[in-house]
Amino acid sequence: METPRIACAQKGHPIGYVLYYKGYCINHGKLVYLENIYVAPEFRDKGIGKQLLAKLAEVALAAGCTKMKLTTMESNQRAKKLYLGLGAQDTTESTAWHCMEFNEEGLRRLVQGGRAS
């Protein structure tokens, strides 16, 4: 299965992309998860990221999605500022949801039926 992505190119050379997947939430219905967005350093601050996000929003709406979800690291203030400036809401504290993950060791322990120590 091919990974859904949207690419932006100049003169045949890629300068940016978004990597995403569609999902479903029992509380909200269809949604899109933005896994990664990248713009080559020499093309940043030119509106490319905004164009890529707008195209992904178009894809999401055409698919009947009601939300687009993404995460960003606390240290990536540049990205956070971009998302907030485009109308995203930071729900980290307001929704009382926590982003959870299993690292490789946790996956192995889960397979073996073990618990964290």
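Parameters and conventions
Residues numbered from 1 in each chain as written. Predicted model: local features only at pLDDT ≥ 70, side-chain atom pairs only at ≥ 80, totals over all residues. Heavy atoms only, no water. Patch = residues over 30% accessible without salt bridge, like charges linked within 9 Å, V, L, I, M, F, W, Y side chains within 5 Å. Areas by Shrake-Rupley, 256 points an atom, 1.4 Å probe, with all protein chains shown as cover. Salt bridge = Lys/Arg side-chain N within 4 Å of Asp/Glu carboxyl O. Helix = DSSP H or I, 4+ residues; strand = E, 2+ residues; numbered from the N terminus. Buried < 20%, exposed > 50% of the residue type's maximum accessible area, 1.4 Å probe, protein only. Core = buried A, V, L, I, M, F, W, Y, C linked by side-chain atoms within 4.5 Å. Contact = heavy atoms within 4.5 Å.

Turning our eyes to something else, we now look at a nonpolar patch on the surface. A contiguous nonpolar patch, built from Phe 102, Leu 107 and Leu 110 and spanning about 330 Å² of accessible area, is present on the exposed surface. Tracing the sequence through the fold places Leu 110 in helix H3 (residues 104-111). The exposure class of Leu 110 is exposed, given its relative accessible area of 51%.

One pass over the structure, following the stated rule, counts five salt bridges. In this structure, Glu 104 and Arg 108 form a salt bridge, with 2.3 Å as the shortest nitrogen-oxygen distance. Of this pair, Glu 104 and Arg 108 both sit in helix H3, separated by four residues, roughly a single helical turn. Exposure class is identical for Glu 104 and Arg 108. Each is exposed. As a salt-bridge pair, Glu 105 and Arg 109 come within 2.9 Å of each other at their nearest N and O atoms. Of this pair, Glu 105 and Arg 109 both sit in helix H3, four residues apart, which is roughly one turn of that helix. Classification of Glu 105 as exposed rests on a relative accessible area of 52%. The partly exposed category is assigned to Arg 109, whose relative accessible area is 27%.

This next bit is on the nonpolar core. Counting 17 residues, the largest nonpolar core has Val 18 and Leu 56 as its most contacted members. Residue assignment for this core shows that the elements contributing at least two residues are strand S2 (13-25), strand S3 (29-39), helix H1 (48-62) and helix H2 (77-85). Per-element accounting of this core gives the leading share, five residues, to H1. Ignoring anything within four residues of it in the chain, the contact list for Leu 56 reads Ile 6, Val 18, Tyr 20, Val 32, Leu 34 and Met 68.

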